[in-house]
There are 2 protein chains.
Amino acid sequence: MPNRLRITYQLTPLAGQTIEALCRAIALEQTVEMADDLIRSECIRDQIVGETLELDPLPDAPGSYRAVIAYQADTTAYAVPQLLNLLYGNISIKTNIRILGIDLPSTLLARWHGPNYGIAGIRSLTGVEGRALAMTALKPMGMSPNELAAMAGAVAEGECDIVKDDHGLADHPFCGFAERVARCQEAVALANQRTGHTTLYFPNISAPMEHLERHLQIAVDLGVKGVLVAPFLLGLDTVRYYAEHYDLVFTGHPAFSGTHFHDRRHGMTPGVLLGTLFRLIGCDISIYPNFGGRFAFTQDECHAINSALRGPLGELRPALPAPAGGMTLDRIPEMAQAYGSDAVYLIGSALLREDPDLTVATRRFMARINASFTNTGESRSHATGSRGAAR
Amino acid sequence: MPNRLRITYQLTPLAGQTIEALCRAIALEQTVEMADDLIRSECIRDQIVGETLELDPLPDAPGSYRAVIAYQADTTAYAVPQLLNLLYGNISIKTNIRILGIDLPSTLLARWHGPNYGIAGIRSLTGVEGRALAMTALKPMGMSPNELAAMAGAVAEGECDIVKDDHGLADHPFCGFAERVARCQEAVALANQRTGHTTLYFPNISAPMEHLERHLQIAVDLGVKGVLVAPFLLGLDTVRYYAEHYDLVFTGHPAFSGTHFHDRRHGMTPGVLLGTLFRLIGCDISIYPNFGGRFAFTQDECHAINSALRGPLGELRPALPAPAGGMTLDRIPEMAQAYGSDAVYLIGSALLREDPDLTVATRRFMARINASFTNTGESRSHATGSRGAAR
């Protein structure tokens, strides 16, 4: 039966529960939502209920198991909402069930377009080769469009590759979307003319449903090449839909997704959620909290996100990881070492602390990145996935 | 400053962190996303960053505090995605921060329509007065439209008030949405003609974005009066938008929201998420796992959801709680006692276990509910919120 998806779980049975019974309970709960003995059709029992394929104790987590359960692809209805439901709908409300991986058959992968640009496309848009990309953020909330535009211009003058809105910048009464995007895009274009470098401005799309399309169109009409979106704020399938309909670089932000990562025995891993799923719904870039920053991902978790974004996933283009969250310039050599060149290094407020003159601060940021990728061949050797897999 | 929303948090500082510093860190993180000393504008510091209003140790959770932080309503951009971000965007990725309550000013509450029908409207649609409503679910996934329709007809013949699709029934290759809804609605209408009772059929809406509107329209054209939606699968603002645009009873399902409830020190409480927020985005009915069922809410958490759904919330209509999740007929008197009549008692697969003849099983379900509300005046005395607050 090749047309099945396989979900790998970490399971920690509660007292009095066998691991086999727990696997069966999950396979039932996520499909038929009833006890085994109530299923009156053998066909449903065989075809709809999940089947446990593998089951092993996890050596590094005593009392926990790794289980693989397979489900017919048809049970997902080939749609993101029901895929999410099959993955983690009802069991999200249970306890000690963590999703470690999802393995989708080609029938499912072919259903989704994934990143519009991917690594190669973003390199082509920005003209950056052989090094990681640099990204910074416009903040704080409360600034006027003109003030934010001045920041965007200064950052572009310093030849940053991408400057995005903070993900809290919405269509506020004190800073409307249309005005902000027009001023920032204008300021960046002007600086680009002066420097000859390409800085891209990515506005944050965070509108109520009735204005999402209008906001995206405003951005496109102004010549914007990419946007920031938070799939958990907008809806994952909403992002998927707009990524399919707008030829833009989609940058995923993890806001509102964090309850999945709070307890390592429950939720989906960062690699599955911010890696596989965000790429599936069309994120060209996925922002996540870097290890050692002001949030709490481990280095292994970060690497798992990177692999999920950059490794093979059907015909979907590889995407760029964007480690962030309280990063400083000092950490760039370490990041270059750990992540290689196929990544976006996102440094936000540390840039504001670096120098009162944002252009000076940005130049220092860029110099640090350039140095990390010209001095050591080692960092460049980590680059993966930027070739091939174009579609 | 009346135009502020107040968020009440339960905070458990980590070692070496003062509670005051944690409050300030949250107030900054959720708005300006930068350290205090980097804010160059006094106006932004005063108007945009949240202000801690109250701070007390929590007597029943040693080491934890209850804090109230106020934010200008303008920071929400009066839109659901940015409201969710302000509430729990970045801090979801942190640890030991739980949202206990949200208090919205009238400027924000007036922005959203809330439930289309509410308690009074649903009573008027169904004709049910003086008792709780009965709901059951069509399952399992894998049945054909005709098989599900036969179940729907049998349940309607037994005079259940509402029969909904299981929330896993999507637009599957083995059971398409349009065919399923047509057959089920037809079967229920036929049974209603025979019995003279009104049973409503609520199909599950779980389509990819490009088909959501079409599916809702199919339902409306067939005379369907309500639907089932899972806001975390479709997107909370997506549900809000369609609830504003379709004059249907919206029934919220908690699928995929459960990571909020896994650790009582982190996430949003069930009352905030499945109560206040689901009502805000337009849920007329909110399904949640009842205490003592196969999921793990406490009785206090259930009561908090009920209060959030039925109590005052601006001009928004009160909504009906629907405790569910492995409920049995035996528990109806206890539920009547605990929840009163302004609730929907959702019994799923237990009905299938009750009797091979689903009509017989449903009649027993209805008899049990009727008995619980005619024998004791006490149960009825719990009814709240069905009067007034119409808009």
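Let me sum up the structure you'll find in this document. (Residues numbered from 1 in each chain as written. Chains lettered and ligands numbered in written order. Predicted model: local features only at pLDDT ≥ 70, side-chain atom pairs only at ≥ 80, totals over all residues. Heavy atoms only, no water.)

**With respect to the packing of helix α3 (residues 80-88) of chain B against helix α10 (residues 236-245) of chain B**
Residues and elements named next belong to chain B. In plain terms, the rule: Axis angles are defined between N-to-C directions and span 0 to 180 degrees, where every axis is a line fitted to C-alpha atoms and, for a helix, only to the segment in contact. Going along the chain from the N terminus, every DSSP run of H or I of four or more residues is numbered as a helix, and every run of E of two or more is numbered as a strand. In this scheme the handedness of a crossing depends on how the near helix is turned from the far one: anticlockwise by less than a right angle means left-handed, clockwise means right-handed. Should any heavy atoms of two residues lie within 4.5 Å, those residues are considered in contact. Nonpolar residues are Ala, Val, Leu, Ile, Met, Phe, Trp, Tyr, Cys and Pro. Charged residues are Asp, Glu, Lys and Arg, and all others, Gly as well, are polar.
At their nearest, the axes of α3 and α10 sit 9 Å apart, and the two run at 145 degrees to each other. At the point where α3 passes α10, the crossing takes the right-handed sense. On α10, the residues touching Val80, Pro81 and Leu84 of α3 are Leu236, Asp237 and Arg240. Here the residues of the contact of α3 with α10 are counted per class, giving four nonpolar, no polar and two charged.

**As for the sheet that holds strand β12 (residues 320-324) of chain B**
Residue and element names in this part refer to chain B. Rule in force here: Note on pairing: two strands pair once DSSP finds at least 2 bridges between them.
What the four strands build is an open sheet, ordered β8-β9-β11-β12; its pairing is parallel. The open sheet terminates on both sides in strands that have one partner only, identified here as β8 (226-229) and β12. Geometrically, the sheet is characterised by an average inter-axis angle of 20 degrees between neighbouring strands, direction not taken into account. Alignment of strand β11 (residues 285-289) against β12, held across five bridges, turns out to be parallel. Within β12, the residue paired with Tyr288 across the bridge is Pro323.

**Quick notes on the packing of helix α6 (residues 145-157) of chain B against helix α15 (residues 358-374) of chain B**
Residue and element names in this part refer to chain B. Going by this rule: Should an angle fall under 35 degrees it is taken as roughly parallel, and over 145 as roughly antiparallel, whereas 65 to 115 is taken as roughly perpendicular and any remaining angle as oblique.
Here α6 crosses α15 at 40 degrees, and the two axes come no closer than 7 Å. Comparing the axis directions of α6 and α15 gives the class oblique. In this structure, α6 meets α15 at a crossing whose hand is right-handed. Residues Met151, Ala154, Val155 and Glu157 of α6 lie in contact with α15, whose contacting residues are Leu358, Thr359, Thr362 and Arg363.

**Topic: the relation of the copies chain B and chain A**
Operational definition: Alignment of copies: least-squares fit on C-alpha atoms of residues with pLDDT of at least 70 in both copies.
Mapping chain B onto chain A is achieved by rotating through 180 degrees and translating by 0.0 Å along the same axis, at an RMSD of 0.0 Å. Accordingly, the operation relating the two chain copies is best matched by a two-fold axis. Among all residues of chain B, the minimum C-alpha distance to the rotation axis is found for Gly235 of chain B, at 1.9 Å. Both copies present the same face, since 100% of the interface residues in chain B are matched by interface residues at the equivalent positions in chain A.

**A look at helix α5 (residues 118-126) of chain B**
All names here are of chain B. Here is the rule we go by: Relative accessible area decides the class of each residue, using a 1.4 Å probe on protein chains only: under 20% of the type maximum gives buried, over 50% gives exposed, and in between gives partly exposed.
If you check which residues of α5 are buried, you get Gly118, Ile119, Gly121, Ile122, Arg123 and Thr126. In this structure, the buried side of α5 is in contact with β5 (133-138), β7 (200-202), β9 (249-252), β11, α12 (299-310) and β12. Just past α5, the residue Gly127 takes up positive phi, approximately 75 degrees.

**Focus: the pattern of salt bridges**
Convention followed: Here, a salt bridge means any Lys or Arg side-chain nitrogen found within 4 Å of an Asp or Glu carboxyl oxygen.
Counted by the stated rule, this structure contains 52 salt bridges over all chains. A salt bridge links Arg240 of chain A to Glu244 of chain A; the nearest nitrogen and oxygen atoms lie 3.4 Å apart. Residue Arg240 of chain A and its partner Glu244 of chain A are both found in helix α10 (residues 236-245); the two are separated by four residues, about one turn of the helix. Under the relative-accessibility criterion, Glu244 of chain A is labelled partly exposed at 34%. The closest approach of N and O atoms between Asp37 of chain B and Arg353 of chain A, which form a salt bridge, is 2.6 Å. Remark: Arg353 of chain A occurs in helix α14 (residues 349-354) and Asp37 of chain B occurs in the loop between α1 (19-29) and α2 (42-47); the pair is interchain, linking two chains. Looking at Asp37 of chain B, the relative accessible area reads 53%, which means it is exposed. Among the ionic contacts, a cluster of salt bridges with common partners joins Arg24, Asp36, Glu42 and Arg45 of chain A.

**Description of the packing of aromatic side chains**
Residues and elements named next belong to chain A. Definition in use: The rule is short: rings of Phe, Tyr and Trp, with Trp giving its six-membered ring, pair when the centres are within 6.5 Å, and they are stacked under 30 degrees, edge-to-face over 60, tilted in between.
Enumeration according to the criterion identifies 14 aromatic pairs over all chains in this entry. An angle of 85 degrees between the planes, with centres 5.0 Å apart, marks the rings of Tyr241 and Tyr242 as edge-to-face. You'll find Tyr241 and Tyr242 in the same group, each marked buried. Aromatic pair Tyr345 and Phe373: ring centres 6.3 Å apart, planes at 35 degrees, arrangement tilted.

**A few points about helix α13 (residues 332-339) of chain A**
Buried within α13 of chain A are the following residues: Ile332, Met335, Ala336, Ala338 and Tyr339 of chain A. In the stretch just after α13 of chain A, Gly340 of chain A is the one whose phi turns positive, near 75 degrees.

**Describing the interface of chain B and chain A**
The cut-off we apply is this: Simply put, the buried area is the total loss of 1.4 Å probe accessible area from both parts when two parts are fitted together. Polar contact criterion, stated in full: a pair of N or O atoms within 3.5 Å, where within protein one must be able to donate a hydrogen and the other to accept it, and residues adjacent in sequence count only if both atoms are side-chain atoms.
Every contact between the two is made by 78 residues of chain B and, on the other side, 78 residues of chain A. When the two sides are added together, the surface that chain B and chain A hide from each other amounts to roughly 6700 Å², 62% of it contributed by carbon and sulfur. The largest per-residue losses of area from chain B upon contact with chain A belong to Ile93, Phe256 and His262 of chain B, which jointly make up 12% of the total buried on that side. The interface formed by chain B and chain A includes four salt bridges. Applying the counting rule to chain B against chain A returns 28 residue pairs in polar contact (both at pLDDT 80 or more).

**Examining the sheet that holds strand β5 (residues 133-138) of chain A**
Residue and element names in this part refer to chain A. Strand order in the open sheet formed by four strands is β7-β6-β5-β13, and the pairing between neighbours is parallel. Looking along the sheet, the strands with just one partner apiece sit at the ends: β7 (200-202) and β13 (344-346). Within this sheet the neighbouring strands show an average axis-to-axis angle of 25 degrees, counted without direction. Note that β5 and β13 share three bridges and pair parallel. Across the sheet, Met135 pairs through a bridge with Leu346, a residue of β13. The sheet strands contacting helix α6 (residues 145-157) are β5 and β6 (162-165), and the helix crosses β5 at an angle near 165 degrees.

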